[in-house]
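Descriptive analysis of the structure
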Amino acid sequence: MQLNSASKEQLSQWQEELKVKHQQFKNQNLKLDLTRGKPSAQQLTLSDGLDGILKGNYKSADDTDTRNYGGLEGIAEARQLGAAILGLEQDQVLAGGSSSLTMMHQSITFAYQFGLNGTAWKDESDIKFLCPAPGYDRHFSICEDFGIEMIPVAMTETGPDMDQVESLIKADQSIKGIWCVPKYSNPTGIIYSDDTVKRIAKLGLVAAKNFRVFWDNAYAVHDLVDHPKPLANIMAACIAEGTEDSVIQFASTSKITHAGSGIAFLGASKSNLAAFKKHLGISSIGPDKVNQLRHMRLLPDINALTAHMQQHAALLKPRFDTVLKHLEANFSDNDLGEWQSPEGGYFVSFDSLPGLAKEIVRLADEVGVKLTPAGATFPYGKDPQDRNIRLSPSFPSVEDVDATMQVFVNCVKLASVGQKLAITS
Ligand code: PLP
């Protein structure tokens, strides 16, 4: 379907055909949902061995009784697993409760209210964050909650547009943070290049002293391929630049074991970790160490983790392949849409022609297919070009992903032809 070379008559004929198909979908009373970036029940079942795994033995490797209070940093073996995921040393990692998002929120709360080895953000006049977009909506919600001004930065195939990032930070000391999802970025699925990682490690040389990179490595081990591209180690890059206090790292087992009851990790320099712990220790005596121990019995080391993630990949890959098959079959020889083929993570990011994302989501909703609201992947919910749609195929069955994608491609075509006709007439 080549819109640019099509006559008005051809466009009208396509529109009629697409409308007939749309009506057929409507008549099927579909109830499909591609909005939820969460593991399927089959994936969760992979970790059901957690249940009862301790068999009454609550002692961790160093003989700690995990049932009791204490151990703010988490048990040693869980910290070791977090360190392996994040490419850090055990003493640079804190293993906590089930949500890394909570740890990000806590880090921002502490930086805002008390300062993390620097001036509290609340004591300065303007607080701004750089927000590579499209990005993760919940990062943006944290900023909005704190009244932190969000500055969108373009995402490229190698990570955030670093020329833009560097020039903004150099010019403005009120920029206190940047959100980064460095591996299988949410939603574009790209991996930051070595050069991007190096340049991010250098930001601490020019940014305000109380600036922090929020390095959310949520998909660090979530590969769909056998030989994944490696992500450069940000801590090693920071040590080379002398900026190790400028980055705080996060990860969790949410999409490894049970999403609602896993372990979250925070990785940072010694001084950042000490500052974080000082405030954390006021609000908690310690994390759920019993759950940490259960995880360590199920996944005792990085090899066990890798084998476990391969089982996830076997379930996820057919769903991603289904999404990509439909996109390739319908849009590879025209300019109706652009996307990347991710080698891991949870999302496929689709860009329609400008001005159509909202209309595509509306059309899909009309026939019983829920898509992530257009704009959700941008700060303040505003996609300036109204073209990005995040597709999340992990939760539905392969059959449902297939049915959803049939509707999706028809909606994209219908919206695109309608727009072209409106311009042509
Ligand atoms: N960070 C990113 C980039 C995510 O996509 C998600 C979940 O979708 C999270 C964090 C949530 O992590 P957690 O479950 O550890 O709070």
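Residues numbered from 1 in each chain as written. Predicted model: local features only at pLDDT ≥ 70, side-chain atom pairs only at ≥ 80, totals over all residues. Heavy atoms only, no water.

Brief notes about the sheet that holds strand β6 (residues 175–180)
Applied cut-off: In this scheme, strands are said to pair when DSSP sees at least two bridges between them. Only runs of H or I of at least four residues qualify as helices and only runs of E of at least two qualify as strands under DSSP, and these elements are numbered from the N terminus.
Across the sheet, eight strands lie side by side as β2-β9-β8-β7-β6-β3-β4-β5; this open sheet has mixed pairing. The sheet is open, and its two borders are formed by β2 (93–95) and β5 (159–160), each paired with just one other strand. Bridge count for strand β8 (residues 247–252) against strand β9 (residues 264–267) is four bridges, and the pairing is antiparallel. Bridged to Phe250 within β9 is Leu266.

Examining the packing of helix α7 (residues 194–206) against helix α8 (residues 234–241)
Here is the rule we go by: Only the contacting stretch of a helix is used when fitting its axis, a line to C-alpha atoms as for every element, and angles between N-to-C directions run 0 to 180 degrees. Each angle receives one of four descriptions, namely roughly parallel if under 35 degrees, roughly antiparallel if over 145, roughly perpendicular if within 65 to 115, and oblique otherwise. Handedness of a crossing is defined here by the sense of rotation of the near helix relative to the far one, left-handed for an anticlockwise turn of less than a right angle and right-handed for a clockwise turn. Whether two residues touch is decided by their heavy atoms; if any such pair falls within 4.5 Å, the residues are in contact.
Direction vectors running N to C along α7 and α8 enclose 45°, while the axes themselves pass 9 Å from each other. Classified by the angle their axes make, α7 and α8 are oblique. Seen along the crossing, α7 lies across α8 with a hand that is right-handed. Contact residues: Val197, Ile200, Ala201, Lys202 and Leu205 in α7; Ile234, Ala237, Cys238 and Glu241 in α8.

Points about the sheet that holds strand β10 (residues 337–339)
Spatially, three strands are ordered β10-β11-β13 in an open sheet, and the strand pairing comes out antiparallel. One side of each edge strand has no neighbouring strand; the edge strands of this open sheet are β10 and β13 (388–391). Recorded for the sheet is a direction-independent mean angle of 25° between the axes of neighbouring strands. Bridge analysis of strand β11 (residues 348–352) against β13 gives four bridges, and the strand direction is antiparallel.

Side note on the domain arrangement of the protein chain
The line we're drawing: The start and end points of each domain follow an automatic or database-based domain assignment. Computed with a 1.4 Å rolling probe, the buried area is the accessible surface lost when two parts are put together, summed over both parts. Just to be clear on terms, a salt bridge is a Lys or Arg side-chain nitrogen sitting within 4 Å of an Asp or Glu carboxyl oxygen. Pairing of N or O atoms within 3.5 Å defines a polar contact, subject to two protein rules: one partner must be a possible hydrogen donor and the other a possible acceptor, and residues neighboring in sequence count only if both atoms are side-chain atoms. Under the scheme applied, nonpolar residues are Ala, Val, Leu, Ile, Met, Phe, Trp, Tyr, Cys and Pro; charged residues are Asp, Glu, Lys and Arg; polar residues are all the others, including Gly.
Domain parsing of the protein chain yields domain 1 (8–43 + 306–424) and domain 2 (60–301). Taken together, the contact between domain 1 and domain 2 spans 25 residues of the former and 30 residues of the latter. Buried area between domain 1 and domain 2, both sides added, is near 2,500 Å², and the carbon and sulfur share of it is 65%. Among the residues domain 1 hides against domain 2, the three largest losses belong to Met309, Glu343 and Tyr380. Together they make up 26% of the total. Summed over the shared surface of domain 1 and domain 2, the number is zero salt bridges. Between domain 1 and domain 2 we count nine residue pairs in polar contact (both at pLDDT 80 or more) in total. Elements with a minimum of two residues in the side of domain 1 that touches domain 2: α11 (302–331), β11 and β13. Classifying every residue of the side of domain 1 that touches domain 2 gives 13 nonpolar, nine polar and three charged.

Let's talk about the side chain of Lys255
For the record, the criterion: Relative accessibility thresholds used throughout: buried, under 20% of the residue-type maximum; exposed, over 50%; partly exposed, between the two (1.4 Å probe, protein chains only). A residue counts as positive if it is Lys or Arg and as negative if it is Asp or Glu; His and the chain ends are not included.
Structurally, Lys255 is set in the loop between β8 and β9. Among buried Asp, Glu, Lys and Arg side chains, Lys255 stands out as unpaired, with Asp216 the closest opposite charge at 8.7 Å. Reaching out from Lys255, the side chain makes a polar contact with the side chain of Tyr219 at a distance of 3.0 Å. Sequence-distant contacts of Lys255, that is, excluding residues within four places in its chain, are made with Gly37, Pro39, Tyr219, His222, Met309, His312 and Tyr346.

A few points about helix α5 (residues 137–146)
Which entries qualify depends on this criterion: Our arc is simply the arc of the directions from the helix axis toward the C-beta atoms.
Turning to α5, its buried residues number three or more, namely His139, Phe140, Ile142, Cys143 and Phe146. Taken down its axis, α5 places every buried residue within 150° of arc, on the same side. On its buried side, α5 packs onto α4 (100–113), β3 (128–133), β4 (149–156), β6 and β7 (212–216). Within two residues after α5, Gly147 carries a phi angle of roughly 70°, on the positive side.

Section: the nonpolar core
Cut-off, in case you're wondering: Definition used in this section: a nonpolar core is a set of buried Ala, Val, Leu, Ile, Met, Phe, Trp, Tyr and Cys residues joined via side-chain atoms within 4.5 Å.
Counting 51 residues, the largest nonpolar core has Leu327, Ile360, Leu371, Leu391 and Phe408 as its most contacted members. Mapped onto this core, the elements with two or more residues apiece are α1 (8–27), α11, β11, α12 (357–366), β13 and α13 (398–424). It is α13 that provides the largest number of residues to this core, a total of 11 residues. Of the domains in this structure, domain 1 (8–43 + 306–424) and domain 2 (60–301) are the two that each give at least three residues to this core. Aside from chain neighbours lying at most four places away, what touches Leu371 is Leu34, Thr35, Ile360, Val361, Ala364, Leu391 and Phe408.

Regarding the site of the ligand
The line we're drawing: In these notes, residues near a molecule or strand are those with any non-hydrogen atom within 4 Å of it. Surface accessibility follows the Shrake-Rupley procedure with a 1.4 Å probe radius. Residue values consider only the protein chains on display as shielding.
As a matter of local geometry, the ligand sits amid Ser99, Ser100, Leu101, Tyr136, Val181, Asn186, Asp216, Ala218, Tyr219, Ser252, Ser254 and Lys255. In the model, an oxygen atom of the ligand is placed 3.0 Å from a nitrogen or oxygen of the Leu101 main chain. Between the ligand and Asn186 there is a distance of 3.0 Å, counted from an oxygen atom to a side-chain nitrogen or oxygen. Coverage of the ligand by the protein chains reaches 88% of its 400 Å² of free accessible surface. Tallied by class, the residues present in the shell around the ligand amount to five nonpolar, five polar and two charged.

A word on the packing of aromatic side chains
Filter applied, for reference: Within 6.5 Å between ring centres, the rings of Phe, Tyr and Trp (the latter by its six-membered ring) count as paired, and their orientation is classed by plane angle as stacked under 30 degrees, edge-to-face over 60, tilted in between. Charges are assigned to positions over rings by a cutoff of 6 Å between ring centre and Lys NZ or Arg CZ, combined with an angular limit of 35 degrees from the ring normal.
Under the counting rule described, the total for this entry stands at 14 aromatic pairs. Through a chain of ring-to-ring contacts, the aromatic side chains of Trp121, Phe129, Trp179, Phe214 and Phe250 assemble into a single cluster. Across the ring face of Phe395, the terminal group of Lys38 is positioned such that the distance to the ring centre comes to 4.9 Å. Sitting over the face of the ring of Tyr346, Lys255 holds its NZ or CZ atom 5.1 Å from the ring centroid.

Let's talk about the state of the cysteines
Note the cut-off: Criterion for a disulfide: a pair of cysteine sulfur atoms at a distance within 2.5 Å.
Under the defined criterion, the tally for this structure stands at zero disulfides. Here Cys131 stays unpaired: no disulfide links it, and the sulfur of Cys143, its closest cysteine neighbor, is 4.7 Å away. Free of any disulfide, Cys180 has its nearest cysteine sulfur in Cys131, 10 Å distant.

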